[in-house]
Structures are given as structure tokens and as C-alpha cells.
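Next come the chains, spelled out residue by residue.
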Amino acid sequence: MAVDELQAIIQRCQILEEADFKGEDFNLFQVAGQKCLEDGYAAQLLEVIQNEKNKVIIKNMGWNLISPLVRCIFTYKQEDHKREYCLRILDQLAQLCNPKELFLGLLEQIEQTSGEQVCQTVMLLLQPLQTVLLKLQNKKAYSVGLSLAMIMNQLTPLPVPYTKQQIQEDKLGLCQCCNAVVDFAKPFVNEVVKNKEKSSEYNDMELKEELIKFCMKSLKYPLLTAQLEQLEGIEEHPFRHFATEIIDILWNIGELMPLMFVHHKGKSPQWEDQELADMERKNSADSLACLSYLMFVQHFGVECFPVVFSPSYLLLCNMTHIEVLLKRTEESVLSKGLDLFESCLLRMEDNSLLHHYLEFRDFINVPQDLVKIMTLCPMEHMRKKSLNILQLFIDKFDTEGKYTLFRCLLKTSNHAGVEGYIIKNIKDQIHLALTKEYDNIWFTGHHLISLLDLVLSLPEGAETDLLQNSDRIMASLNLLRYLVIKDCESDTQTGVWTTLGKIEQNFLKPLRVGLNMSKAHYEAEIKNKKENRKEAQSSNAVCSVTVSGEKMPPMTTGMQLQVLHSALFTFDLIESVLARVEELIEVKTKAIMDEN
């Protein structure tokens, strides 16, 4: 019988000194203990472990039972009394075993778990692991750090519940597990807080560093990708609770404010491999970006934040984080970047952001990232939100800032729709300059002429793809029409009349030539398609189209004709505005000549 075998081994070891235990004794004890558990004798095994005479044996050999014990606990159902005995054995081992040996045994068990059992195993072993760590004297900080790192590494591959239903179901137990890990860390946080006055001691500093690493990992996973908005029907949102706890840890150990404004300058790993160094830097950037989101959008820990900083300074501090988030493609992360940017901008008054801020690299990169989202993101609501935030960003700059930003976006966006949108903004600024009493040197006179050189031109002259650039061309024509109507040729505030020859040469004439060529080409195509339509129908011929590398459904001749007619309609629209502009120029020029 398994219990008899165990008792025989125990009696044999009782007469030995601790130093005389051999490897064979350890193996026999493990095998016999495992057999007791597997055969259902957990109660008898508990009695053996609780026996005061066996204290030395359990201290040295008990840790070997961790692996079979965990297996048995997961075998029994929740209400099974044998499971309760197993849990009591685990508690006893945590109290009696050699802390160092048991620590390694528990970590090994966490490391070996995978899949659906990860969270269950971690939650099961957190309490005994905490008990053991609190007993350790040497390398305590290192052991706490190793434990937290091991746990987070095991949790990281698990998918983060995102929808309300997923959070409520919490199939893998991740929500519950994350909050259990925070509770596990609290005694070590309290230890750092208690010794804060003596924090120059190496061990306390080391423990503090390990807690910071844990918080940084938690910010990257699961918080960076988690849904953190308050959800109706969920009384206590598990990830919001987890975020609050992480912020509290950072505040209590005195690291929240330093992390908000500068990258942590503690002991970061010195990697010889540049790839590993880059990965560490990226992880840190993701974590700090998430921290800013929690503070400025979700307002976690905002009561700790000093109310002394100007909105423009806060925007400056957050632009690096916004850029990090906007470069990601996951909706959960991208939306955090947009929300953070919007939150920072809404704190500011219009026209209050000085143009000097555009000297910072991030203030140029972030609007370019917005443009990429506006033009490439597959999610319509993200594209619309990006457009709204770009407009908000433009509105916050002073006049010179707007002027500089417009020039930059016209040169870098490489998208006709975006360029058309910027040209519309330029038109609005010119209107303000012409209708307000104070002088606006950036959207009148020689500065505006320089900007018009960028706006009133065709990228490739008469050979420019007019269909591809139709948004930009229409916006440019509308701007020119406005200038010709609004600006008086006698004082020419905008300078349009002094540069009319250049505009005609670089824009109007090439556009007229391009329109004639494009219309002739498409009309010929339509004629050709119509002539071949019967032949195409009899042979069921279709045309395949590829967009962004993806093959679209085949196009029939009728569909092709529809596309060609749509293109002709666009050309007619451009031509009508062009004709109106030419007519206005001719009328005003004739009037000047008559006056002279």
C-alpha cells in the first residue's frame, strides 16, 4: 500500500541526520508521496507532513511533491474533499520546506504550465510563492523579480479579453489572474514604502527596481491592448481595477512622476546584441505611452498630478508617446493614441500653440502618422477620427505654425485627398487674413505667394494623372477662384495678380492641355468599348482589376463603361471650374486695361 511504503521511508529517514540524506532517499520519498496522492490518500499524506517528528524530512524533501500535488489538485473537482486535503498539503509545504528549494520548485511548476492551465496554475501557486519569498533573506529582491518576470512571461501569450462579453466570461481567467498577481506583489511594495527613508540601501533599491520592471511589463501587457473604457453592466471592470493598482504601486514607491516625464534611468539591461537592446527600448516606449494614456485619458492617478504645467508643455511631453501609439496597427492601441492626442489638444485654446514647437521632430512626425491612418486604415471610424484630430491640431497653432505645417503636409502627404483638404484650410486662413483688421503676414503678400507656388502647380505638368489628383486640382481651382474674386487687383493683398503670369504658365495652361488629352483618351476608350461590347458579350469576356495587391471581382464591359463615364464626369467638373476661373481672370484683366 502507498501509505505503508511512505511510512517505511519516513522511519528510515527519521534515524538519519539531515546531512546524511542521500539522493536515493529523495527519490524514494517523491515516488511514495506521488503514489499516495494518485491513489487518493491525500489525508494520510497530510498527517505525515504535519507530524512534528517528520519536520526535518519535510523541510528537505517536501518540495519534491509540488509537481504531483498540482496535477492532483487539477484532477479533483472543486467540491471534492480530497482537493481540500491537497490544498492544505500545499499550504503546509509552504510553511515547512526549505524556502530556497521550494521557491525553485514552485517557479519550475509555473514555467512548465501552458495553454488554458496557465492562469489556474499561477493563481494556485501565488500564495505559497509569496509565503516562501517573505521568508527568504538572501537575494530576496532578485527572487521577487524572477517570480514576477516568470509569471508575466507565462501570461503574455494569452489573448487579452476585449469585448464586454469576453471580459465577463474571462474564459482563461486572465482578468482574475492579473489582479491576483498585484495582490501577490503588495507585501513587497509595502516593504519598499516602509524603507523609503533608507532607500539608499542596495537591497531596497534592487527590490524597487524589480517592482518597476513588473509595472512596466504590466503596462505593455495586458493594459496596452486592453479595453479600458467603463462598460455598462460591469460593476468593477477588472482591467480598470488592475490599472489603478499598477498606478498605485508606482505612486507608493515614488516612481510615478519621474516615469511621466522622463525615461526611467535605473538599471536597465546592458545588451551586447543590438537587436535585444532595440527590443528593450521599444517595450519601454510602449509601457510609458500606456502610462500617459491611463493618466491623461482615463485619469488614473490624476489626483497625484501637479497642476502647474501648461497645456502646451503637456502636449510636448506626450508627443513621443502619441507617436509610439499611432505607429501601431491594432485598433485597441491605435485608438489609445488618438484618444491621448485628442485629450492633450482639447486642453488648449485655439491659436495658442507657438510655431517653435514644430522644431521638435515629433510635431512633424505625428501629423504624418495621422495622414497614414486617414488614408490607409481599414476602419472608417478611425479614419474619420484621425481627420478630426488633424484639424484640431491645425487649429491650435498660431498663424506661422499653421503656415509651416501646411507647407510640410503638402510636401509629405503624397495623397491628393489630403492635399485637397490642406488647400481648403489654406483658403480658410486667407479668408481670415483678408477679413480681419490686423495684419496677417503669413497668408498675404510674399509668404502667401511662396505657398501658392506649391498649391497652384501640377506634379508632372500636362502629363499629370488628373483623375488621381482630382481632389487636389479641384481644391486648387476653388482657391484660385476665391482669390480672383476676393482680392482687389489695385492693392493685391494676396499677390495673386502680380504672379498671374506664373500661375497661368505653371498651372492653368498645363491643366487645360492635360484635360484635353485625358478627355480624348477616355472618349476613345468608351467608343472602343462600345464597339467591342457585342463581341465581349458573346465571349463573356471580363476584365480583372487589382487594388493594393488584392484581386477585385471581375469587371464586365458594362462596369468598365460606367468607370470610364465617371472619369469623364470628373474631367467635366474640373473643366467647368477651370473655365469659370479663366473667365473671371479675363473679365478683371479687361476691366484693368479699360481703366488704364
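Here the structure is a predicted model, which means the values were calculated and not measured.

**What to know about unusual backbone geometry**
For step 1, the next point in the chain: Along the chain, Y221 connects to P222 via a cis peptide bond; the corresponding omega equals 10 degrees.
For step 2, the next point in the chain: Structurally, P222 can be placed in helix α12 (residues 202-223).
For step 3, the next point in the chain: Of note in the backbone geometry, K139 takes a positive phi value of approximately 55 degrees without being a glycine.
For step 4, the next point in the chain: Tracing the sequence through the fold places K139 in the loop between α8 (118-135) and α9 (140-155).
For step 5, the next point in the chain: Classification of K139 as exposed rests on a relative accessible area of 62%.
For step 6, the next point in the chain: Phi angles above zero are rare outside glycine, and H299 is one such case at about 65 degrees.
For step 7, the next point in the chain: Tracing the backbone through its elements, the reader meets H299 in the loop between α15 (274-296) and α16 (311-326).

**Side note on the packing of helix α19 (residues 380-396) against helix α21 (residues 416-435)**
For step 1, the next point in the chain: The contact between α19 and α21 brings their axes to 12 Å, and the two run at 35 degrees. The chirality of how α19 crosses α21 is right-handed. Across the interface between the two elements, L387, Q391 and I394 from α19 touch Y421, I422 and N425 from α21.
For step 2, the next point in the chain: Looking at side-chain class alone, the contact of α19 with α21 contains 4 nonpolar, 2 polar and no charged residues.

**Overview of the side chain of R240**
For step 1, the next point in the chain: Take R240: it is sitting in helix α13 (residues 238-252).
For step 2, the next point in the chain: Those residues in contact with R240 that lie beyond four places of it in its chain are L228, E229, Q230, Q298 and F300.

**Observations regarding the packing of helix α18 (residues 361-376) against helix α20 (residues 399-412)**
Axes are the key here: two packed helices are described by the angle between their axes and the distance separating the axes.
For step 1, the next point in the chain: For the pair α18 and α20, the least separation of the axes is 11 Å and the interaxial angle reads 50 degrees. With respect to each other, α18 and α20 are oriented oblique. As for how α18 packs across α20, the hand of that crossing is right-handed. Residue-level inspection shows I364, P367, Q368 and V371 of α18 in contact with α20, the latter providing L405, C408, L409 and T412.

**Section: α20**
For step 1, the next point in the chain: Between the first and last C-alpha of α20 there are 20 Å, a value that for 14 residues agrees with the 20 Å anticipated at 1.5 Å per step.
For step 2, the next point in the chain: Among the residues making up α20, those that are buried are G401, K402, Y403, L405, F406, C408, L409 and L410.
For step 3, the next point in the chain: Here the buried face of α20 lies against α18, α19, α21 and α22 (445-455).
For step 4, the next point in the chain: A positive phi of about 55 degrees marks N414, the residue just after α20.

**Digging into helix α7 (residues 99-112)**
For step 1, the next point in the chain: With 14 residues, α7 extends 20 Å between its outermost C-alpha atoms, agreeing within 8% with the 20 Å of an ideal straight helix rising 1.5 Å per residue.
For step 2, the next point in the chain: Along α7, the residues that are buried comprise L102, F103, G105, L106, L107, Q109 and I110.
For step 3, the next point in the chain: For α7, the secondary structure elements touched by its buried residues are α5 (66-75), α6 (81-96), α8 and α9.
For step 4, the next point in the chain: Measuring from the backbone nitrogen of K100 back to the side-chain oxygen at the start of α7 gives 2.9 Å, which picks out N98 as the cap.

**Notes on the packing of aromatic side chains**
For step 1, the next point in the chain: Counted according to the given criterion, the structure contains 13 aromatic pairs.
For step 2, the next point in the chain: Linked through ring pairs, F341, Y357, F360, F363, F393 and F397 together constitute an aromatic cluster.
For step 3, the next point in the chain: One residue, K336, lies across the ring of Y293, its end atom 5.5 Å from the ring centre.
For step 4, the next point in the chain: When the ring centre of Y482 is taken as origin, the NZ or CZ atom of K427, which lies over that ring, is 5.3 Å away.

Rules used throughout
Residues numbered from 1 in each chain as written. Predicted model: local features only at pLDDT ≥ 70, side-chain atom pairs only at ≥ 80, totals over all residues. Heavy atoms only, no water. Helix = DSSP H or I, 4+ residues; strand = E, 2+ residues; numbered from the N terminus. Buried < 20%, exposed > 50% of the residue type's maximum accessible area, 1.4 Å probe, protein only. Axes fitted to C-alpha atoms, helices over the stretch in contact; angles between N-to-C directions. Left-handed = near helix turned anticlockwise from the far one by under 90°. Contact = heavy atoms within 4.5 Å. Nonpolar A, V, L, I, M, F, W, Y, C, P; charged D, E, K, R; others polar. Parallel < 35°, antiparallel > 145°, perpendicular 65-115°, else oblique. Expected span 1.5 Å × (residues − 1). Polar contact = N/O pair within 3.5 Å; in protein donor to acceptor, adjacent residues only side chain to side chain. Phe/Tyr/Trp six-rings, centres within 6.5 Å; stacked < 30°, edge-to-face > 60°. Lys NZ or Arg CZ within 6 Å of the ring centre and 35° of its normal.

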